[in-house]
Structures are given as structure tokens and as C-alpha cells.
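Listed below, chain by chain, are the residues.
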Amino acid sequence: MSALNIATRALTTNQAVLQVIGHNIANANTEGYTRQRVELQAVPGQQLGGGYFGKGVQIETVARIGYDAFLTRESNSTRSAAAAEATRYQYLQNVESLFPLGTGSLGTLLNNALNAWVDVASSPNDSTARQVVLDQFDALASRIRDTFERTQEIGASARLQADGVAKEVNRLAQAIASINDAIARVQGSGAPPNDLLDQRDRLIAQLGEQVQVTTLRADDGTLSVFVAGSLPLVLGSQASQLRIDRADLDGDRQLQVQFVQGSSVYDIPEPFLGAGKLKGLVDFVNDDLVQTQAELGRLALALSETVNRQQRSGLNARGEPGADLLNLSPLTGTAATGNAGNAQLAMTVADAAALKASDYVVTYASATTVTVQRASDGAYFDGTQWGTTATALALPQTFDGLSLAQTGGAAVAGDRFYLRPAADAARSLRVALASPAELAAASRLSMQAGVGNTGQAAFQGVSAVVDGAAWPSPPQAATLTFVAPGTFNITGTGWAPASVAYQPGQPMALTFTDGVNTVQVDLVLRGAPAAGDTFTLSEFPLNDPNVVRYNAGNAQTMLALRDRQMFDDSVTLSDGYVAVFSGLASRVNEAKTRSAFTQAQADDAERRRANQAGVNLDEEAARLLQFQQAYQASAKYLQTVQSIFDTLIATFR
Amino acid sequence: MSNYRVSTAYSYDGTINRLQQRQTELAEQQDKLSSGKRVRRVSDDPAAAALAEREQARTQRIQSDQRALEASRRSLELAESTLGTITDLYQRAKELIVRGGNGALSASDRQTIAEELDGLRERILELANTKDTLGRPLFMGLGLNAAVAGPDQAFVEGSVPPSGNPLYGGDGRIVQWKGLSGQVAATQSALPLGLDGLAIFGESPATGPDAGAGFSSVWEALDRAIFALRDPAMTPGDFRLNLEQASVEMGNRLDALMSARGQLGDWLNRADQMEAAFQERENYHTAQQSELTDLDMLEAISRFQTLQLGYQAGLSSYAQVQRLSLFQYLA
């Protein structure tokens, strides 16, 4: 009987092995499938007289082969990092396409606008040339606005995707929780539920692509999943949720990821997210996009401030003082949603050349003092410079070319404000003038050589720009008197310096100050003066079109703005586009490199994992042959046993 | 666990991935070839892109400088031809003054000469007020002086009460300077649009008897001659003195005119040089921009062929390897 048992057991066992091989072959292309193998065991023998007699073969278990927790974890975490970088890179590429090169670039429009003043300078009485200036500035302003709006749209789609990612994370967490439940229930049977384990591993890999997770295995076979280091997304058979909300500060642009467990909600700080698509999206929306908009907006802010100042320093074709050429919405601070006070903050540009491409966070340390933190590098302002420690300062303050003041309301300690002057400028930049006559091409200052001068010195030109908000109408003309051929004195209230060394053909700097407003005057004389020669610098009479008809002094000064050092102490206004895109370019380039690098790492980790755990069809074919033969041998053995029995029975016939 | 193990599914996936990667590279290279650009986006090469944008800005600047230069050149050429005409008129006036001094002339002969000089005076004033194509006085200097009444021109004819001074200025006619004295200098990239007429034609004093050596204009010189020729009561001594003085003044004015023409000739020469220099610089910046962003076709094509070869090799090896399977040998 024992021989018959051995034979049938061998038959069924080998059949079972063949079944598992079939299962492997069937799942050769199933993602996340780990090959299985039947572990065989000899049935312990029985002592019968002379020795132990084996009782055949039996199945010990069906085990997953090649499953390596370490390789799996490495594959998951590298894939998570790759997903973050790939997502960020993909969005940055979208943004990059908004900043083309060559003839279609923002730089071309900028230079077209600035160079258009050349024709006004050549022919200030030509209204066509003036119209071209307005048109070119309009084209530039609308391109800046349009580029800003497009970046906003890209940000909006990234926010939508982040919402989708959060939903996917919640779905996966729920699925992992139910598989945990199923695994815990069969845990008692002793045999590993291989396919459930594979399924759970696959869900965790998918979850890792969305957001970086860490896992911890419990005794009951369940796997707990944590996000952001220690927040339990799945605990046994219980799943929590992630949620995307508007950030407290700058909420119409920035995102806040929240962890929701029952009725409690925690904000997850951005650096804690680790990796995964969600990290890539949050980084893009909260950092890359905000920074790009600040870089674009700085150009708008600096350009409008510089050009408007020069406009105010000239006279238009009707002889009136020039009005602003470009218009921005007022620069105000955005209050955090949780502010208890109702203070209002407003900014003005104090020095266009000192502007930084950054936003700022203002926090009230008390009802009257604030700390100012720069968003781009996290540095704090201490009243004179930037450092690492927060200093409470009383408003108003001037930093990075901006003057910040509280314009109303009362603050409560802890109130926070977000300042984004550059982005607001890019959003709202418009041409304010409607008529070509309103361009201030004419200079406001007139020069006259004194009657009776005996020297040969003559005026060559004068340019003036107002430093403050308004032109402080010099009430008194300045009289320049040469006390010697090499020196002249300046007399006139508000004029400085009192004495100037004469440099023929070179601009000599004078200033006129009236209260808070200062006019910087550059004067050029040439030729040899004689002692006693006088020159007067006075203002043209206002509202007389005849005075300004052929005067292009201010247009010339406007042209000189092209070469003004404007951005980061090194980039001129006409090269301003370089300052806009160079930051973005290095970010895209960096994202590209990191994306390629992390993808290679992920591929490598996945290759190592898959090559261990995946099905090899040749191997299965070999094992198929092996166990087919074993099955055939078992059948042959059964036949032999049967024929032994037959022989035995035949002897009794 | 073995290190020599390949998962069939992964080997397929991996190969497909790699083939796709190659195909992407090939398509990328093809795109570069068809656009002819090495730097199509800023991230392709941020440094080259920044430099190329700068070159683009320079090119645009040169184009605008060229427009300004053309405007200046038109004005300067007009000024030069105007001053050429005026030179002829000066010469003729000098001739007439010399002829007028001939003691054998009758009063009516002198009257005829005075008439012709008067005509020359009118024409010189008209030419000194020449306007460019946009209606701007060519000889106004730095602008127009609002304090002087009169139309928008560099020199305005007016009258003052006749002084009765028999020597000079007795006619009461006066030509006033309405421009702003001063001369814009030529720079490396720009030329002035007009000239300081005061330096060329001189100025009459605004009021009072026209006296003083520093204040004589070409019109005052002519007035002096005309006044003398028309006044039969003038003593021969005064008559000779006036004509001599007028002749000397005309000589001075002619010198000023010639030096202005010399200056103009120099500027027009410089305009030609500047234009050539602009052209050269524009070519240079365009070449630089092209060097920074354009593709080296030879290198690109050879790289394209390498990529193509690699892709072909990948495809054919994939086709061969995927035929190998133990199952093929199981009957």
C-alpha cells in the first residue's frame, strides 16, 4: 500500500509543481509579480525492521522566490525620486517654452521699445515716431502680462494635478488598508498569501510614485505606511488622507499639503514631503513658478520705474510735465488668511537698480515692529543688511530697492503678510499714455550762455532725471560762473555742489534738492572758457508747445537708460531679458540633469529587483521539462506498482 | 540567488525603453538638424543663450543707431548744400561791396548795388532759416529760445528804433538769434542733427545801438554797406569806413562759414566711416549669434548617422534575441 501511496503522492505533487510553473508562465508579464516555487519535502520514513523507509514526497509550501525587501524598497524610493524630478522637469519645460530666444524673444520686444526712442530723439516733432514708441511699449507690456498669465495657467494645471495626485494617494492608501485586512485574516493559516503580498507591494510601489513613503511591517503581517517621515497614512487596516489646500500665505499661488486623520488636520511642511510626484508638483508651484514670476516681474518693475522717472523729468509735446508712461497696480502686501489685525502694507520702488527677484514675508513681532524675510534665500533684514537672525524693525523700512510702509489699520503680533511686488508688476504692467503727444521727449532744463562771455566754451547738452516721485520745479535758476578757466561756481538755492572742476566734453554731475525730491543733472560743456564767463541753467516755461517742439533732450536721456546697470549690478536694462531667463534656464537645466540621473538610478534599482523576482521563461521551460519527466516517472512507477500487484494477484489465480 | 538571472518581462521592457530612448535622441537630433539650431531652448545651453540674447540686443542697437545716423546724415547733407549756396552769395556780396566803393559810381549806380545787396541779404536770411524734412530749423543749435518772440526759426527779423548813428546800424533793421547756442558733439555712434547758427552767422544785439565788435552778424555787415550806399549825404570818409568795415566783417563771416563747412565735411566723412563700421559690427554680432546658437551641420550629420546606426543595431539585435526561447525547442 505504501508504494501506491508514494506513487499517487508523487503524481499529485508533481502535478501541483507543474501548476505553479504554469502560474509563473501565465504571470510572466504581470507587473509586480514575484515568481513562485513549490518547496518540496520528503515525507519522513517509518522504521520497518532493517531501516527507515521513506513515504514519498509532499509539498511544504508555495514560496515567493527572489523577493528581496531591500531591493524592493530601493526600487520604490528611487522611483519616487525619479517621479518627483520628472514631474518638475516636465512643468519647467512648459514654462521654458514661454521664454523663446531670438527674434520672437521678450528681449527683442524690450529693445524694440527702448530703441524706438531713437526716432523720437531724431525727430521730436514727428508724431509717427512717437506713436511707434507707444506701440512698442504696448507690445512689450502685453507680452510681459501675457507671459505672466501663461505661467499662472501652468501653475493652475499643476495645482489640479496635485489634487489628482492626492486623490490617487488616498485611493491607494485605502486599497493597501483593505489588503492589509485580508492578509491579517489569513495570517493564521501559516502559508504565505503570495499573490496578496505581490499586490500590496505593487500598490506601495504605485503609492511611492505619487508621494515618498516609508513602511513598517507588523507581526500580524500588515504593513504600516508613513508619509512625510512619521505621519501614518495606513495603520493596519485604517487609512488616513492627504489633502491639497491653499497656503496660508500667498494662497492664490501657493499650495499646502495637509494630512487628515479623522477630524485632525496637520500641515505638512514642504521639505518633509521627500519625493514623489506630489513633491515635484509642490516644488514647482511653490518655488520654481514663484521665482520665475519674480524674475519676470522685476524687469517690469524696474522698467516702469526707470522709464516713468525719466518721463516725469521731461516735457511732452504740449509743453506739460511728462506723466507716467507705464502703469502698475498699487503694490500692496497680501495678508495671511489667519491674520487677527487689519493692518495694510504698501510698497514703492526706491531704487530700481537695487531690486531683487524675490518675494518677502513680513511677520509682525509686536503691534508696531516687523521682521522681514526674503523668500528666495530665507535671509532676514536687520535694518541695514541681510543675515540669518530675525530682527524686529519699526516700519517704514527700505530694503532691496523697496520702501515698505504700513498705510492703515492696526496689526496684532503674529500677523503675517506676503509681499510680491515683482509678480504684481508683471500681472498689471500697462501703457498709461493714450496720445503720442504725451511722450516727454523734451528736456525741462534750458541752457543759456551769458551775454558777453569772452571764452569759447559752449553748451553741448544737459540731461536730468528726478530721483523721487515728483519733479521739484527748481524755483531758482542756477548760474554757473567760471572763477578760473578750470573751475566754476554754482549759485542758486538748492543746487549742489558749490564748486565744480571743469571737464570739457565730459558730463559733470549737479544736483538740485527740494525737500525729498532730488534732480540729478548731467551737464556737458566744451571749449575753453575764460574767467568770468557765465552760463545759466533754468527751467523752460510750462505749457508752451513752441518751446518743446524741436527739443529732444529727454528722449536722448531716455536712450541712455539702455546702458544703465540695472539688474544684479551687472546686467544693463537693454540686456534685462537675460536676467529674466537665466535663472529659469539653470533651473530647467538642473531639473533635466537630475531627472535623467534619478531615472537612471530608478531603472538600475528596478532592473536589479526585477531580475531577481521576475519570471524567466527559459527557466520555467526547463523546470516544466524537469517536472514533466518527474510526473512521467511517477506515472511509470505507478504502472510498475500496479503490475507488481497484478503479478501478485495473478499468482493466486 | 544568482547574479546571472534575467527576468523575461523586464528584459523586454528594458529593451523597449532603451529603444525608445534611442528613438527620442534620434528625433531630437533630427529636430536640431531641421531647425539648424544648436540652442533651441534656453536650457539647451544657458550660457550660450544669454550671450546670444546679448548679441541680439547689440544688433538691434546698431540698427537703431543706423536709423539715427541716416536722419543725421540727411540733415547734415542739407546743411552742407545750404551753406554751399550761402558761400556763393557771400562771394557775390563781397564783390558788390568792393564795386560799391568805387568813387566813380553815380548815386543811382550805388542805389542799384544796394538793391542787389538787399536781395542777397534776404536770401541769406531765408537760407539760414532752412528747415529739414521734418520742419526743424537746421541752424538752431540746441533748440529754440522761448524768450525771443517770432516764428519757429533760427533767426528772426525785427526792427529797433533807428539809432541815428551815422556810422552803423542806422537802418533800425535787426536779425535776432532765436536758437539756443551750443553744439551737440559727434560721438562714436551718433552725429548731430543741426548746427549752431550763431557761430556761423553771428548775432545782432537785441536792443540799443548796434555797437561793439563781438556782435556783428552777416546781416549787420550787409546793412552797414546797404545803409552807406543808400545815403547820399554820408561824408566820403564815413562812406569808405563803412564799406571797409562791411568788407572786413563779410570776410570774417566767410571764414566762419568755411570752418562750419569744413566741420560738416568732416562729419559727413565720418558718417560714411560710421556706416561702414556699423555694417561691420552688425555682421560681427550676427556671426557671433549664429556661432553661439547655430548647429555645426557637419558634426550634427555625423552624429545623426551614429545615432541612426545605434538605433538600427538596437532594433536588429532585439529582433534576433527575442526569437531565442527554450520553448522553441520543445516539440
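Scroll up to find the structure this text is about.
Along each chain, numbering runs from 1 in the same order as the chain's sequence is written. Labels are handed out in written order, letters beginning with A for the chains and numbers beginning with 1 for the ligands. Residues qualify for local features only when their pLDDT is at least 70, as the model is predicted, and side-chain atom pairs are given and counted only at 80 or more; totals for whole chains, interfaces and linings, by contrast, use all residues. Hydrogen atoms and water are omitted, and side-chain values are computed over all heavy atoms in the structure.

Draft legend 1. Main features of the overall build of chain A. From N to C terminus, chain A includes 12 helices and 36 strands. Its C-alpha atoms give chain A a radius of gyration of 40 Å, more than 25% over the compact-globule value 26 Å for 653 residues. The C-alpha extent of chain A, read off along each of the three principal axes, is 160 × 50 × 40 Å. For each residue, the accessible area found with a 1.4 Å probe, counting protein chains only, is set against the maximum for its type, and the residue is called buried under 20%, exposed over 50%, and partly exposed in between. In chain A, which comprises 653 residues, the proportion classed as buried is 50%. At a minimum sequence separation of 6, the contacts of chain A that also span at least 24 residues come to 68%. In these tables, accessible area is a Shrake-Rupley quantity obtained with a 1.4 Å probe, and a residue counts as shielded only by the protein chains included in the view. Total accessible area computed for chain A in this model is approximately 27300 Å², and 52% of it derives from carbon and sulfur atoms. Where the 48 positive side-chain charges of chain A centre and where its 62 negative ones centre are 8 Å apart. For helices the rule is a DSSP run of H or I covering at least 4 residues; for strands it is a run of E covering at least 2, with both sets numbered from the N terminus onward. The atom set for the radius of gyration is the C-alpha atoms, and the globule formula is 2.2 Å times the number of residues raised to the power 0.38. Contact between two residues is taken to exist if any of their heavy atoms lie within 4.5 Å; hydrogens are not considered. When charges are tallied, Lys and Arg are placed among the positive residues and Asp and Glu among the negative ones, while His and the ends of the chain are skipped. The atoms used to mark charge sites are NZ of Lys, CZ of Arg, CG of Asp and CD of Glu.

Draft legend 2. Seen up close, the interface of chain B and chain A. Across the boundary between the two partners, chain B contributes 52 residues, which contact 68 residues of chain A. Carbon and sulfur atoms make up 53% of the surface buried where chain B meets chain A, a total of about 5000 Å² over both sides. A side-chain nitrogen of Lys or Arg and a carboxyl oxygen of Asp or Glu constitute a salt bridge if their distance falls within 4 Å. Between Arg67(B) and Asp119(A) there is a salt bridge, with its nearest N and O atoms 2.9 Å apart. The term polar contact refers here to a pair of N or O atoms within 3.5 Å; inside protein, the definition further demands a hydrogen-donor-capable atom paired with an acceptor-capable atom, and it admits residues adjacent in sequence only when both atoms are side-chain atoms. The interface formed by chain B and chain A holds 27 residue pairs in polar contact (both at pLDDT 80 or more) in total. Elements with a contribution of two residues or more to the side of chain B that touches chain A: α1 (8-35) and α2 (46-100) of chain B. Defined in terms of a 1.4 Å probe, buried area is the accessible area two parts forfeit on being brought together, summed over both.

Draft legend 3. Structural detail: the sheet that holds strand β6 (residues 223-227) of chain A. All names here are of chain A. DSSP-based pairing: two strands are paired if at least 2 bridges between them are found. Read across the open sheet, the 4 strands follow the order β5-β6-β7-β8; overall the sheet is antiparallel. Across the chains shown, the open sheet's two edge strands, defined by having one partner strand only, are β5 (213-217) and β8 (238-239). Across 5 bridges, β5 lies against β6 in antiparallel orientation. Within the sheet, the bridge partner assigned to Arg217 lies in β6 and is Leu223. Sheet strands in contact with helix α5 (residues 127-186) are β6, β7 (231-235) and β8, and its direction is about 50° off that of β7. To obtain each axis, a line is fitted to C-alpha atoms, and for helices this fit is confined to the stretch in contact; angles are then taken between N-to-C directions over 0 to 180 degrees. Against the sheet, helix α6 (residues 194-210) touches β5, β6 and β7, its axis set at about 155° to β5.

Draft legend 4. Inspection of helix α1 (residues 2-26) of chain A at higher detail. Helix span, expected: 1.5 Å multiplied by one less than the number of residues in the helix. Taking 1.5 Å per residue as the helical rise, α1(A) with its 25 residues ought to reach 36 Å, and the 35 Å between its terminal C-alpha atoms agrees with that figure. The secondary structure elements touched by the buried residues of α1(A) are β1 (36-42), β4 (57-64) and α12 (617-651) of chain A.

Draft legend 5. How the structure looks around the sheet that holds strand β9 (residues 241-246) of chain A. Residues and elements named next belong to chain A. Taking strand neighbours across the sheet as the criterion, the 3 strands line up as β9-β10-β11 in an open arrangement whose pairing is antiparallel. A single partner strand is all that each edge strand has here, and the edge strands are β9 and β11 (264-268). Across the sheet, the mean angle separating the axes of adjacent strands is 35° when strand polarity is ignored. Here 6 bridges tie β9 to strand β10 (residues 255-261), and the two strands are oriented antiparallel to one another. Looking at β10, one finds that Ile244 is bridged to Val257. Sitting on the sheet, α5 is in contact with β9 and β10, with an inclination near 165° to β9. Contacts from helix α7 (residues 277-312) reach β9 and β10 within the one sheet, and its direction differs from that of β10 by about 140°.

Draft legend 6. Examining the packing of aromatic side chains more closely. Residue and element names in this part refer to chain A. Ring pairs are drawn from Phe, Tyr and Trp, using the six-membered ring of Trp, whenever the two centres fall within 6.5 Å, and their geometry is named by plane angle: stacked under 30 degrees, edge-to-face over 60, tilted for the rest. All told, the structure shown has 20 aromatic pairs over all chains when counted by the stated rule. Between the aromatic rings of Tyr91 and Phe284, the centroid separation amounts to 5.1 Å while the plane-to-plane angle is 35°, which identifies the pairing as tilted. Separated by 193 residues along the polypeptide, Tyr91 in helix α2 (residues 69-96) and Phe284 in helix α7 bring together distant segments of the chain. Here Tyr91 falls in the buried class, since its relative accessible area comes to 6%. Here Phe284 falls in the buried class, since its relative accessible area comes to 0%. Between the aromatic rings of Phe381 and Phe399, the centroid separation amounts to 5.5 Å while the plane-to-plane angle is 50°, which identifies the pairing as tilted. Of this pair, Phe381 sits in strand β18 (residues 380-381) while Phe399 is found in strand β21 (residues 397-399), placing the two residues 18 residues apart along the sequence.

Draft legend 7. Examining unusual backbone geometry more closely. All names here are of chain A. The linkage connecting Leu395 with the following residue, Pro396, adopts the cis geometry, with an omega of 0°. Among the secondary structure elements, Pro396 is positioned in the loop between β20 (393-394) and β21. Cis geometry marks the peptide bond from Ala496 to Pro497; its omega dihedral reads -10°. If you trace the backbone, Pro497 turns up in the loop between β30 (495-496) and β31 (499-501). Positive phi, close to 55°, is recorded for Asp568, a residue that is not glycine.

Bear in mind that shape data such as this cannot, by itself, settle questions of function.
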